[in-house]
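Analysis of the macromolecular model
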Amino acid sequence: MPSAPRDLVEKAVNTIRMLAADGVQQANSGHPGMPMGAADMAFVLWTRHLRFDPKEPRWLGRDRFILSGGHGSMLLYSLLHLAGFDCTLDDLKRFRQLHSRTPGHPEFGHLPGVECTTGPLGQGVANAAGFALGQAMLSARLGSGSPVEDHFVYAFCGDGDMMEGVCSEAASFAGHQKLGRLICLYDDNGITIDGKTSITFTEDVTRRFEAYGWQVQAVDGRDHQGIDQAIAAARADLSRPSLIRVKTVIGYGAPKKAGTPGAHGAALGEEELAATKRALGWPESPRFLVPDDVRAFWDEVRKEKAAQKQVWSERALAWRRANPEKAKLLDAHLERAVPADLLERLLAELPAHDSTRKVGHALVQKIAPLVPSLEAGSADLFESNNNDVKGGGAVGPGAYGGRNIFFGVREHAMGAIANGLSYDGLFIPAVATFLQFLDYMRPPVRLAALSKLQTLFVYTHDSVFLGEDGPTHQPVEHLTALRAIPGIEVWRPADPAETAVAWASALLRRDGPSALVLTRQKLAPVKRDGALDPQALRRGGYPVSAPAGATFAVVATGSEVPLAQAALELLSQKGKVGRLVSVPCLERFLSQPAAWRDEVLPPGLKVAAVEAARGIEWWRLCGRDGLVLGIDRFGESAPEKALAELFGFTPAKVAERLERWL
Ligand SMILES: Cc1ncc(C[n+]2csc(CCOP(=O)(O)OP(=O)(O)O)c2C)c(N)n1
């Protein structure tokens, strides 16, 4: 850090405090308390430790900074402004306004320097574990001396994060994995919305994190030297992650509100804001003041950071020259390279008919060598999910070069850690569990969609037809729940060709997550009219058979495509001819031009849908005179065949129900 007299340092810290308080006051909405309390630790971290380049916000060698308590967003925005990122005073003044780049909670992609979307508490800590895991994994693949070898991942977290289950899952995982480059600074202010944490949160966080295998330190939040030394000690111990408990005062400087929940989530108010400024020796006007000497100080900070980057760049260049093969691998990761003809390659040699999870397994083995950045993960269900890279080895602890991440039974953290990998952009994670346990990880699925992340979610055991495990394990409403999330593509393939399309589409899709929903049970082959048309399959919905004289259409997905086909055969023997439409991805299909949709489902044809699930979304295609054959109750523990009888999902019963409708 450039040398600065104490009063200038205090002024610089107060600048952060007051930018945040002014921003919240101007918006008359937001959270001033956390930025005001955490300004010191932020200042020490950003000026003395954090490696960054405001001109190249995604510089590979930067340290990552994640503000897990996204409600304190004005802290991040103020820092980005002062550090010279593309975040102007006008951006700060437009905090929380429509289409501003400074939304209420940080959103990935809105403002350079925002590493991830945070706000739902706990997620950021788990994302940070994902960033740190990615660093360790890529570093292991590239060998020592590589450009990703030595950056750190810093996260600010608060009491709310500490209370959330996902944070515990992630911390347990990070401790087990010995992610030594993960450093969390805990804004330990003892206040949440409803009051002091003593009313709800009395555990010993230090001992808890020590039990997870973390280094834990405690330091006073105004003690710059102490914070600096604690960060240095955290950096020096690469054998385990670090938690630094920084004892702070929420709303520091506000005469009436400091140390109270009143500082947490509302503007200070004109009177209290003015009193705060007087108490801190700060001019009451103008608002959004950045004193010249504070600006000059940050100019000096930037020069130091630029010099650090220069050193890194020279080293990176020398490494590239000396390691051309490894450099190619690095580029494949940076681009998350996927062969453009991946689908064609997969279709050229399809696996045999089986359950779609097993077909998926065979496909993954073909994909893995072609897509080095693909990383498989499962929450203790690799055996069942079948998305592992055979012979690819496990990740960590300590040796991170493997292609399979064993997450243990931690679905929620798995999703959030996978998102951390996606935010950082060095891996394409494909993480798996049973479809039923989507409920245990829905927040990161939603955030992946909101943040347009290329996270792949693999869900097997996709219907009641998983059988004997019974209703606790049988998804009924989960397809609807997934499809209700805007921006995700949900694939439920019916056979090897469709499974190949699903995997290829998910890997080639850059601007959002995909879910791959796969069966436990073996499926009968789908008989297509004519040759396989990959372009048609890619569109998310296509006619499987389109007999002349069809008077109705049956739409189906996954395991119900061969079922509907068998039912249609029975009906055609009675002279009732229908076309069969497979819609492995409803979102894709609905986004196609009307001409394609009309070609697949010609207007005038009556439409029925068959899906062994809640099925609400199919009414969109079926309309008023249509029919949805779904399941609108919980399942039963029984063999698959008995369940097919019970729910009317045998060829004869489907045919009978369609006939009645016709
Ligand atoms: C998952 C989740 N639940 C609830 C909230 C609403 N919420 C926002 S901040 C907060 C309290 C957080 O307390 P703390 O982390 O101590 O922040 P501070 O009071 O220090 O600003 C709550 C409950 C949320 N953002 N995310």
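Worth saying up front: this structure is predicted, and the values here are computed from it rather than measured.

Cut-offs applied
- Every chain begins its residue count from 1, and numbering advances along the sequence as written.
- With pLDDT at 70 or above as the cut-off, local features in this predicted model cover only qualifying residues; side-chain atom pairs require 80 or more to be listed or tallied, and sums for whole chains, interfaces and linings still use all residues.
- The side-chain figures draw on all heavy atoms in the structure; neither hydrogens nor water molecules are used.
- Consider each residue's heavy atoms; a residue with any of them within 4 Å of a molecule or strand counts as near.
- Polar contact criterion, stated in full: a pair of N or O atoms within 3.5 Å, where within protein one must be able to donate a hydrogen and the other to accept it, and residues adjacent in sequence count only if both atoms are side-chain atoms.
- Computed with a 1.4 Å probe, the accessible areas rest on the Shrake-Rupley method; for each residue, only the protein chains presented here act as cover.
- Helix numbers and strand numbers start at the N terminus; a helix is a DSSP run of H or I with at least 4 residues, a strand a run of E with at least 2.
- All amino acids are sorted into three groups, where Ala, Val, Leu, Ile, Met, Phe, Trp, Tyr, Cys and Pro are nonpolar, Asp, Glu, Lys and Arg are charged, and the leftover types, Gly among them, are polar.
- The quantity known as pLDDT measures the predictor's confidence residue by residue, on a range of 0 to 100.
- The method works on a 1 Å grid over the protein atoms by themselves. A cavity is a set of points holding a 1.4 Å probe that cannot get out, a pocket is an open set with protein on both sides within 12 Å along at least five of seven lines, and residues with an atom within 4 Å of a point line them.
- Grid points are joined across faces, edges and corners, and a volume is the space filled by probe spheres set on the points.
- Strands pair, by our definition, only if DSSP identifies at least two bridges between them.
- The axes used here are C-alpha line fits, helices contributing only the stretch in contact, and every angle between their N-to-C directions lies in the interval 0 to 180 degrees.
- Contacts are assigned to residue pairs that have any heavy atoms within 4.5 Å of one another.
- Among buried residues, the Ala, Val, Leu, Ile, Met, Phe, Trp, Tyr and Cys ones that are joined through side-chain atoms within 4.5 Å form a nonpolar core.
- Only protein chains enter the accessibility calculation, which uses a 1.4 Å probe; a residue is then buried when its area is under 20% of its type maximum, exposed when over 50%, and partly exposed in between.
- Centres within 6.5 Å are what make two rings of Phe, Tyr or Trp a pair, Trp counting through its six-membered ring; a difference in plane orientation under 30 degrees is then read as stacked, over 60 as edge-to-face, and the rest as tilted.
- Salt bridges, as used here, are contacts in which a Lys or Arg side-chain nitrogen is within 4 Å of a carboxyl oxygen on Asp or Glu.
- The handedness rule is simple: strands pointing away from the viewer, and a clockwise path from the first strand over the helix to the second, make the crossover right-handed.
- For classification, angles of less than 35 degrees are called roughly parallel, those exceeding 145 degrees roughly antiparallel, those between 65 and 115 degrees roughly perpendicular, and all remaining angles oblique.
- What a helix is expected to span follows from its residue count: subtract one and scale by 1.5 Å.
- Should the near helix be turned anticlockwise from the far one by less than a right angle, the crossing is termed left-handed; should it be turned clockwise, right-handed.

With that settled, the discussion passes to the site of the ligand. Around the ligand, 16 residues are found, and the nearest of them are His-71, Gly-160, Asn-189, Ile-191 and His-264. Here an oxygen atom of the ligand sits 2.7 Å away from a polar atom, N or O, in the main chain of Gly-160. Take His-264: an N or O atom from its side chain is 2.8 Å from an oxygen atom of the ligand. Relative to its unbound accessible surface of 590 Å², the ligand loses 74% to contact with the protein. Those elements giving two or more residues to the shell around the ligand turn out to be helix H6 (159-163) and strand E4 (191-192). Here the residues of the shell around the ligand are counted per class, giving six nonpolar, seven polar and three charged.

Per-residue confidence for the protein averages 98 on the pLDDT scale, and 100% of its residues sit at or above 70. When pLDDT is averaged over each element of the protein, strand E3 (residues 182-188) comes out on top at 99 and helix H20 (residues 534-538) at the bottom at 95.

Take empty space enclosed by the protein next. Using the criterion set out here, one finds one cavity of 30 Å³ or more in the structure. Volume-wise, the largest cavity comes out at about 80 Å³.

The calculated volume of the largest pocket comes to roughly 400 Å³. Lining the largest pocket are 21 residues, with Ser-559, Leu-563, Glu-640, Phe-649 and Pro-651 positioned closest to its centre. If one sorts the elements of the lining of the largest pocket by residue count, helix H21 (residues 560-573) sits on top with six residues.

Turning next to the sheet that holds strand E9 (residues 404-406). Taken together, the six strands give an open sheet; going across it, the order is E9-E8-E10-E11-E13-E12, and neighbouring strands pair in parallel fashion. Here the strands that pair on one side only, and so sit at the sheet edges, are E9 and strand E12 (489-491). Across the sheet, the axes of successive neighbouring strands diverge by a mean angle of 20°, strand direction being ignored. Judged from the four bridges that link them, strand E11 (residues 456-460) and strand E13 (residues 514-517) form a sheet pairing that is parallel. When the sheet's bridge partners are listed, Tyr-459 is paired in E13 with Val-517.

One open sheet accounts for five strands, arranged E14-E16-E15-E17-E18; its pairing is mixed. In this open sheet, the two strands that pair with only one neighbour each are strand E14 (542-545) and strand E18 (627-629). The mean inter-strand angle of the sheet, taken between neighbouring strand axes irrespective of direction, is 30°. Across five bridges, strand E15 (residues 552-556) lies against strand E16 (residues 578-582) in parallel orientation. Considered in E16, the bridge of Val-555 is made with Val-581. Across the face of the sheet, helix H26 (residues 651-661) comes into contact with E15, strand E17 (606-610) and E18 while running at roughly 165° to E18.

Attention shifts here to the nonpolar core. Residues Ile-367, Trp-503, Leu-507, Val-555, Leu-601 and Leu-658 are the most contacted members of the largest nonpolar core, which totals 82 residues. With eight residues, helix H19 (residues 496-508) is the largest single contributor of residues to this core. Leaving out residues up to four positions away in the same chain, Val-555 has contacts with Val-581, Val-583, Leu-601, Val-607, Ala-608, Ala-609, Val-610, Trp-618 and Leu-621. Of all hydrophobic cores here, the second largest spans 73 residues; its members include Ala-126, Leu-138, Ala-171 and Tyr-423.

The geometry of an aromatic ring pair is captured by two quantities: the separation of the ring centres and the angle between the planes. Enumeration according to the criterion identifies 22 aromatic pairs in this entry. Aromatic side chains Trp-46 and Phe-65 sit 5.3 Å apart centroid to centroid with 80° between the ring planes, which places their arrangement in the edge-to-face category. Of this pair, Trp-46 sits in helix H2 (residues 33-49) while Phe-65 sits in strand E1 (residues 64-67), placing them 19 residues apart in sequence. When its relative accessible area of 5% is taken as the criterion, Phe-65 is described as buried. Summarising the aromatic geometry, the rings of Phe-65 and Phe-156 are spaced 4.9 Å apart at their centres and angled 80° between planes, so their arrangement reads as edge-to-face. Residue Phe-65 is located in strand E1, and its partner Phe-156 is located in strand E2 (residues 153-158); the two are separated by 91 residues in the primary sequence. Both residues of the pair, Phe-65 and Phe-156, belong to the buried class.

Right, let's talk about the pattern of salt bridges for a bit. Counted under the stated rule, the structure contains 45 salt bridges. One salt bridge connects Glu-115 with Arg-58, and the closest N-O pair in it is separated by 3.9 Å. Here Glu-115 is found in the loop between helix H4 (89-93) and helix H5 (123-142), whereas its partner Arg-58 is found in the loop between H2 and E1, with 57 residues between them in sequence. The class of Arg-58 is partly exposed, set by a relative accessible area of 42%. Where Glu-659 meets Lys-574, a salt bridge forms, and the shortest distance between an N and an O atom there is 3.0 Å. Residue Glu-659 is located in helix H26, and its partner Lys-574 is located in the loop between H21 and E16; the two are separated by 85 residues in the primary sequence. Through salt bridges with shared partners, a single ionic network connects Arg-58, Arg-62, Arg-64, Glu-115 and Asp-424.

Let's shift gears to the pairing of strand E7 (residues 242-247). With five of its six residues buried, E7 lies for the most part within the structure. Summarising the sheet, E3 and E7 pair through six bridges and their orientation is parallel. Within E7, the residue paired with Leu-185 across the bridge is Ile-244. Direction of pairing for strand E6 (residues 215-220) relative to E7: parallel, over a ladder of six bridges. Its bridge partner being in E7, Gln-215 is matched across the sheet by Ser-242. For the crossover that starts at E6, traverses helix H9 (residues 224-236) and ends in the parallel E7, the hand is right-handed.

Another point: the packing of helix H16 (residues 411-424) against helix H17 (residues 442-450). If you want to describe how two helices pack, look at the angle between their axes and the distance between the axes. Remark: H16 packs on H17, axes separated minimally by 7 Å, with the N-to-C direction vectors making an angle of 25°. Between H16 and H17, the angle falls in the class roughly parallel. Contact residues: His-412, Gly-415, Ala-416, Asn-419 and Tyr-423 in H16; Pro-443, Pro-444, Leu-447 and Ala-448 in H17. Looking at the contact of H16 with H17 residue by residue, the class counts come to six nonpolar, three polar and no charged.

With that settled, consider helix H1 (residues 6-27). Given a rise of 1.5 Å per residue, 22 residues ought to cover 32 Å, and the 32 Å separating the end C-alpha atoms of H1 matches this to within 8%. Taking burial as the measure, the 22 residues of H1 include 17 buried ones, the bulk of the element. Once H1 ends, the next one or two residues include Asn-28, with phi positive near 50°.

One can describe the packing of H5 onto H16 by two numbers: an axis separation of 7 Å at closest approach and a directional angle of 60°. In terms of axis orientation, H5 runs oblique to H16. For the pair H5 and H16, the sense of crossing is right-handed. Where H5 approaches H16, its residues Gln-123, Ala-126, Asn-127, Ala-129, Gly-130, Phe-131, Leu-133, Gly-134 and Met-137 are matched on the opposing element by His-412, Ala-416, Ile-417, Asn-419, Gly-420, Leu-421, Tyr-423 and Asp-424. Each residue belonging to the contact of H5 with H16 can be placed in one class, and the counts come to nine nonpolar, seven polar and one charged.

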